[in-house]
Amino acid sequence: MSYKPSKSLVLKLWSKYGKNSLGRFFVSKMVCLKAPYFSTIKPIFTKIEPGCVQIQFKNRRKVQNHIRTVHAIAMCNAAELVGGVCLDVSLDAKLRWIPIGMEVKYLKLAKTDLIAECKIDDFQWQTQQDVTMPVGIFNAGGEEVFHAEITMRLSEKSI
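Participant: With reference to specific residues and values, describe the pairing of strand E4 (residues 114-119).
Facilitator: Side chains Leu114, Ala116 and Cys118 of E4 all project onto a buried face; the interleaved residues Ile115, Glu117 and Lys119 project onto a face where none is buried. When E4 meets strand E5 (residues 129-138), the two strands line up antiparallel, connected through four bridges. From the neighbouring strand, Cys118 faces E5, where its bridge partner is Val135.

Written as structure tokens, this is what we have:
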């Protein structure tokens, strides 16, 4: 069996529209229309390619906790978004995925706007299995404030 590149709609949209800020806004909105809960953090994709996805989102009142830092669940939301899209645009075309677990570490208070990134080097999976997607969330100074390991279950698409 050989690896068949993803046929991800997100990757196709990004290839066509991701070259400027209006296009990146459009792609971000399309992803949030498909999975509306992600829109609560108002993400803007800044990079989408097999093996690496990145978003930015602002520290604004609607994502803050009682001490005015970005709420833990808002960061979990961002982590699932970049981990899922990274897997979606990287995965062999015959496979599908679903998250089955997430382990998180809160490393520092998230006081600034944030960047979430999922980066994987080896993604040419071809069989049903569980894989771990690492996600880092970084503050404006480049410090990692949150880290997640998201377990995704891969299975073959039904015909």
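And the narrative resumes.
Participant: Describe in detail helix H1 (residues 9-17), supporting the description with residues and values.
Facilitator: Where H1 is concerned, the buried positions are Val10, Leu11, Leu13 and Trp14. Seen along its axis, H1 keeps its buried residues to an arc of 160°; they face one direction. Exposed residues pointing more than 90 degrees away from the buried face of H1 are listed as Leu9, Lys12 and Lys16. At its buried positions, H1 is contacted by helix H2 (21-34), strand E1 (44-49) and helix H3 (72-90). N-cap assignment for H1: the residue whose side-chain oxygen lies 3.2 Å from the backbone N of Val10 is Ser8.

How each quantity is defined
- Residues numbered from 1 in each chain as written.
- Predicted model: local features only at pLDDT ≥ 70, side-chain atom pairs only at ≥ 80, totals over all residues.
- Heavy atoms only, no water.
- Buried < 20%, exposed > 50% of the residue type's maximum accessible area, 1.4 Å probe, protein only.
- Helix = DSSP H or I, 4+ residues; strand = E, 2+ residues; numbered from the N terminus.
- Pairing = 2+ DSSP bridges.
- Arc of directions from axis to C-beta.
- Contact = heavy atoms within 4.5 Å.
- Polar contact = N/O pair within 3.5 Å; in protein donor to acceptor, adjacent residues only side chain to side chain.

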